[in-house]
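# Summary of structural features
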Amino acid sequence: MSSEFERIQRYFWPLAAPEANPPALIGNGDDALAVCSGQAVVISVDTSVSGTHFPPDAAPEDVASKAVRSAISDLAAMGARPWFYTLSIVVPKAYDESWWQRFTDQLMLENQHWRMPCLGGDTTSGAILVVTVQVHGLTDQPLRRSSAQPGDDIWVTSYLGDSAGGLAGLQQRAPIRAELLERFYRPEPPVSFMVAAAPMIHAAVDVSDGLVADLGHIAKASHCGACIDVDSLPLSPTLQDIVSTEQAIAWALSGGEDFAACFTAAPVHADELCALAKEHGRTLWRIGTMIEGKGVQVLRADSPYNHSDAGYDHFG
Ligand SMILES: Nc1ncnc2c1ncn2[C@@H]1O[C@H](COP(=O)(O)OP(=O)(O)O)[C@@H](O)[C@H]1O
Ligand SMILES: Cc1ncc(C[n+]2csc(CCOP(=O)(O)OP(=O)(O)O)c2C)c(N)n1
Ligand SMILES: [Mg+2]
């Protein structure tokens, strides 16, 4: 088995490809990374822990994809294009080199897909696998949670609840479906669409903890309320095939890890937003309206819909 430094050189330094745009002033291999950008730099860090964010027996490829994509989701919600990321990793000593190879091969595929190299990080051993990805994105004008206005339409950028359905399958609480596992391990944050749509968007958040909880962040930060209709929630045919509509709605409202964007925009932009989404190979769903007041109201045919609005809470 090779040393820590040999592993860093062999597995992580090649992940500096493809080159960052604009390139780093000092890249991998020094005491620190040095970069310079003419635009605002948007930075977000997310940690994935074995047993908390993915099952302990998850494939290295799946852990790699989910860690990168869940971090990129925050860039999409800010309307920023990926620039580069850093990677901090704790790996149990018992993992063999084939694990390292498979993990970093998949990271390379993610780098190419998002055009986002890994320019630095930290490597240690420890009791369980922990992967921390800090992403850096660029934009001229970051989107915020705090700029929604009463009267805005509320939009989401993907089916909701599929990831929770995939997790339920892994945990033998529901039938396993390959498409749902794919949504759990390889979500598709709407990066290029959100960058292009940013000028029309008032406020945005990424849906990681659950729609009601995350939309609640927009409502609170914007000092207004939100009203959504459960019959307009985008539920995938696959999800509806494996569980009751009530269960699918519950997962769409609070399952979490959809890594979609939820955003608000003036109704006048509705057609243009849908056309733009199509150009970027995406679909948009309008799920409600921002209103005066506070909190998130969940309705069905104008009556309150009974649901749990608690999002995922690491200490709940
Ligand atoms: N340990 C921490 N130290 C400082 N700030 C934190 C810490 N944990 C979370 N935050 C900040 O609190 C806010 C909410 O965090 P979180 O719910 O994890 O956001 P997200 O869902 O976007 O990852 C973010 O702005 C985040 O940067
Ligand atoms: C083994 C396992 N159990 C449970 C979950 C469900 N789960 C874990 S974290 C989480 C919410 C999102 O994670 P968090 O760390 O809060 O992301 P952030 O909001 O910071 O982006 C959910 C739904 C999972 N993904 N894997
Ligand atoms: Mg977080």
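Residues numbered from 1 in each chain as written. Chains lettered and ligands numbered in written order. Predicted model: local features only at pLDDT ≥ 70, side-chain atom pairs only at ≥ 80, totals over all residues. Heavy atoms only, no water.

## A closer look at the UniProt feature "binding site: substrate" (unreviewed entry) in the protein chain
In this structure's numbering, the residues bearing the UniProt feature "binding site: substrate" (unreviewed entry) are His53, Glu257 and Tyr312. Taking the farthest pair of C-alpha atoms as the criterion, the annotated set spanning 260 residues converges on one region, since that pair is 11.2 Å apart. With respect to the helices and strands, the residue His53 is situated in the loop between β1 (40–49) and α2 (60–77). His53 has contacts with Thr47, Ser48, Lys66, Phe184, Glu257 and His314, leaving out every residue within four places of it along the chain. Structurally, Tyr312 is set in the segment after β11 (303–304). In this view, Tyr312 contacts Thr52 and Asp209; residues no more than four positions away in its chain are not counted. (UniProt positions renumbered as here; feature names shortened; annotations may be inferred. Helix = DSSP H or I, 4+ residues; strand = E, 2+ residues; numbered from the N terminus. Contact = heavy atoms within 4.5 Å.)

## Focus on the nonpolar core
Grouped together as the largest cluster of nonpolar side chains are 50 residues, with contacts concentrated most on Tyr85, Val131, Phe193, Met194, Phe263 and Leu273. Ranked by the residues each element gives to this core, the list is headed by α2, at 8 residues. For this core, the two domains that each supply at least three residues are domain 1 (4–139) and domain 2 (153–304). Core analysis: the next-biggest nonpolar cluster, separate from the first, contains 37 residues, Ile154, Val156, Ala164 and Val212 among them. (Core = buried A, V, L, I, M, F, W, Y, C linked by side-chain atoms within 4.5 Å. Buried < 20%, exposed > 50% of the residue type's maximum accessible area, 1.4 Å probe, protein only. Domains from an automatic or database assignment.)

## Notes on the packing of aromatic side chains
For the coordinates displayed, the defined rule picks out 11 aromatic pairs. A ring pair is formed by Tyr11 and Trp100, whose centres lie 5.8 Å apart and whose planes are at 40°; its orientation type is tilted. With Tyr11 in helix α1 (residues 4–12) and Trp100 in helix α3 (residues 97–114), the pair connects residues that are 89 residues apart, well separated along the chain. Trp100 matches Tyr11 in its accessibility class, with the two residues each being buried. A cation over an aromatic ring shows up here: Arg7 above the ring of Trp100, its NZ or CZ 5.0 Å from the ring centre. (Phe/Tyr/Trp six-rings, centres within 6.5 Å; stacked < 30°, edge-to-face > 60°. Lys NZ or Arg CZ within 6 Å of the ring centre and 35° of its normal.)

## Describing the site of ligand 2
Taken together, 15 residues lie around ligand 2, and His53, Ser208, Asp209, Glu257 and His314 are the ones closest in. With respect to ligand 2, the side chain of Asp46 contributes an N or O atom lying 3.2 Å from an oxygen atom. The contact in question runs from an oxygen atom of ligand 2 to an N or O atom on the side chain of Ser208, over 2.7 Å. Considered on its own, ligand 2 offers 590 Å² of accessible surface; in the complex 84% of this is hidden by protein. Residues belonging to the shell around ligand 2 are distributed by class as follows: 5 nonpolar, 7 polar and 3 charged. Summarising the domain contributions, the shell around ligand 2 has at least three residues from each of domain 1 (4–139) and domain 2 (153–304). (Near = heavy atom within 4 Å. Polar contact = N/O pair within 3.5 Å; in protein donor to acceptor, adjacent residues only side chain to side chain. Areas by Shrake-Rupley, 256 points an atom, 1.4 Å probe, with all protein chains shown as cover. Nonpolar A, V, L, I, M, F, W, Y, C, P; charged D, E, K, R; others polar.)

## Regarding the domain arrangement of the protein chain
Assigned domains within the protein chain: domain 1 (4–139) and domain 2 (153–304). Computed over C-alpha atoms, the centres of domain 1 and domain 2 are 26 Å apart. With 23 residues of domain 1 at the interface, the matching set in domain 2 holds 17 residues. Here domain 1 and domain 2 share an interface that buries about 1600 Å² over both sides, 62% of which is from carbon and sulfur atoms. Counting the contacts that link domain 1 with domain 2 gives 3 salt bridges. Between Arg186 and Asp62 there is a salt bridge, with its nearest N and O atoms 2.7 Å apart. (Buried area = accessible area lost by both parts, 1.4 Å probe. Salt bridge = Lys/Arg side-chain N within 4 Å of Asp/Glu carboxyl O.)

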